[in-house]
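Residue-level structure breakdown
These are the residues of each chain, in order.
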Amino acid sequence: MAATRLRPYIKSDGNAMWVSLRTPWFTVVSDIVPWCPLVNVKMSTLRVALLQLKGQPTKQECISNASAQIRLAKDKGARLIILPECFNSPYSTAEFARHAEEIPAGVTSKALGKLAAELGVYLVGGTYPERDGTKLYNTCPVFGPKGELLCRYRKMHLFDMDIPGQCTFQESAALTAGDELATFTVGKFKIGLGICYDKRFPELTACYRQLGCDMMIFPSAFDPYTGPLHWDLLGRSRALDNQMFVALVSPARDPTTEYVAYGYSLLCDPWGRVVCRAREAQEMIITDIDLQLCEEVKRQIPVLRQKRGDVYELVAKK
Ligand SMILES: NC(=O)CC(=O)C(=O)O
């Protein structure tokens, strides 16, 4: 009998597994893919932690809970750590003004910047309400390993939705919409930012792809009605359309709050597969993402190159 030739793969927990060379790719790849190729894994990978945090009674307790989880993520080797939407306040139009702070002068930014510097990590600060003069924004700040504010993204598409009896929200009653894209780099990874409702607007992520992004991060807070219908689908679609990694990071589900977040934070790969997914409670999901996978998919399915610029065009105006 001929010997079976095996090739090595490394799982997200760092353990190796062996897969037969004759095993077709699709038989070892399920919807949830817990591993990636070992080849050059060190050069091109980035360990990412998605922190699905439970809301706490006060801002200070939210910051303390986040800080403890960030330290844990660092202990597990994460270099990029991502918090959820509205992680330090209730998700409520009536509460934004009371909790808003200047970025980076406010208490939350100071705490996150200090921690990023102490741990030497890239920290995506989820979102929190930002005050700038008379205006309020739903803002995602990113802190670098020296504690510096690398960039900030202000939610561009405000969440105004009315599904009677299920979900009604009018963010525009309290907030101003942002109007600028924001990117940052971690090693060779170029990363773009959006917030929650923004992922329903495919042109935005496509603009980031045109800017050369390999990953999109959406701190988010879907609700338990739209979540089961749209959450995975939107994450996977943006990843597949744009051949990039996509992280959706939600607060934990808490049925006692006015706005109940869906949970199920997840990370999709450039094939549109869900790589890992949280459940409803507070949970950290951590995985290695490999830039080579983006390059491979783009090479194998060169859709960007094949777009018909002579017939249609996407233009980022800012
Ligand atoms: N919370 C949001 O911004 C969006 C949302 O919940 C949805 O699109 O559904």
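Residues numbered from 1 in each chain as written. Predicted model: local features only at pLDDT ≥ 70, side-chain atom pairs only at ≥ 80, totals over all residues.

So, the site of the ligand
This is how the line gets drawn: Any residue qualifies as near a molecule or strand once its backbone-derived C-beta atom lies within 6 Å of it. We call Asp, Glu, Lys and Arg charged. Ala, Val, Leu, Ile, Met, Phe, Trp, Tyr, Cys and Pro are nonpolar, and the rest, Gly among them, are polar.
Around the ligand, the structure places F159, C196, Y197, R200, A221, F222, D223 and T226. The residue makeup of the shell around the ligand, split by class, is five nonpolar, one polar and two charged.

Points about helix 7 (residues 226–242)
Applied cut-off: A run of H or I in DSSP counts as a helix once it spans at least four residues, and a run of E counts as a strand once it spans at least two, with each numbered from the N terminus. Given a helix with a known number of residues, its expected span is that number minus one, times 1.5 Å. The exposure scheme places C-beta atoms from the backbone and then counts, for each residue, the other C-beta atoms within 10 Å of its own, assigning buried at 20 or more, exposed at 12 or fewer, and partly exposed in between. Two residues qualify as a contact pair if the distance between their C-beta atoms, derived from the backbone, is within 7 Å.
The terminal C-alpha atoms of helix 7 lie 23 Å apart, and with 17 residues this matches the ideal 24 Å at 1.5 Å per residue to within 8%. The set of residues buried in helix 7 consists of G227, W231, L234, G235, R236, R238, A239 and N242. Those residues of helix 7 that are buried are in contact with helix 6 (202–210), strand 14 (215–219), strand 15 (245–249), strand 16 (266–268) and strand 17 (274–277). Positioned one or two residues after helix 7, Q243 has a phi angle of 55 degrees, which is positive.

What about the sheet that holds strand 12 (residues 183–186)?
What counts is decided by this rule: In this scheme, strands are said to pair when DSSP sees at least two bridges between them. Geometry is summarised by axes, namely lines fitted to C-alpha atoms with helices restricted to the contacting stretch, and by angles between N-to-C directions that run from 0 to 180 degrees.
Strands sit in the order 12-13-14-15-16-17 across an open sheet of six strands; the sheet is mixed. In this open sheet, the two edge strands, each paired with only one partner strand, are strand 12 and strand 17. Averaged over all adjacent pairs, the angle separating strand axes in this sheet is 20 degrees, with direction ignored. Bridge count for strand 16 against strand 17 is three bridges, and the pairing is antiparallel.

Focus: unusual backbone geometry
With an omega of 10 degrees, the peptide bond between I103 and P104 qualifies as cis. Examined against the element boundaries, P104 turns out to sit in the loop between helix 4 (96–99) and helix 5 (107–119). At C86, a residue that is not glycine, the phi angle is positive and equals roughly 45 degrees. For C86, the location among the structural elements is in the loop between strand 5 (80–82) and helix 4. Non-glycine residue Q243 carries a positive phi angle of around 55 degrees. Looking at where Q243 falls in the secondary structure, it is placed in the loop between helix 7 and strand 15. A residue is classified by how many C-beta atoms lie within 10 Å of it, and Q243, with 24 of them, is buried.

A few points about the environment of Q52
By the secondary structure assignment, Q52 is in strand 4 (residues 45–52). For the pair Q52 and V124, spaced 72 residues apart in the sequence, the C-alpha separation amounts to 13 Å. Apart from the residues lying within four places of it in its own chain, the contact partners of Q52 are P84, V249, S250, P251, A252, G263, S265, A278, Q282 and E283.

Topic: the UniProt feature "domain: CN hydrolase" (unreviewed entry) in the chain
For clarity, the threshold we go by: UniProt positions are given in the numbering used here, feature names are shortened, and annotations may be inferred rather than shown by experiment.
Mapped onto the present numbering, the UniProt feature "domain: CN hydrolase" (unreviewed entry) falls on residues 46–291. In the segment residues 46–291, helix accounts for 25% and strand for 30%; the C-alpha atoms at its two ends are 8 Å apart.

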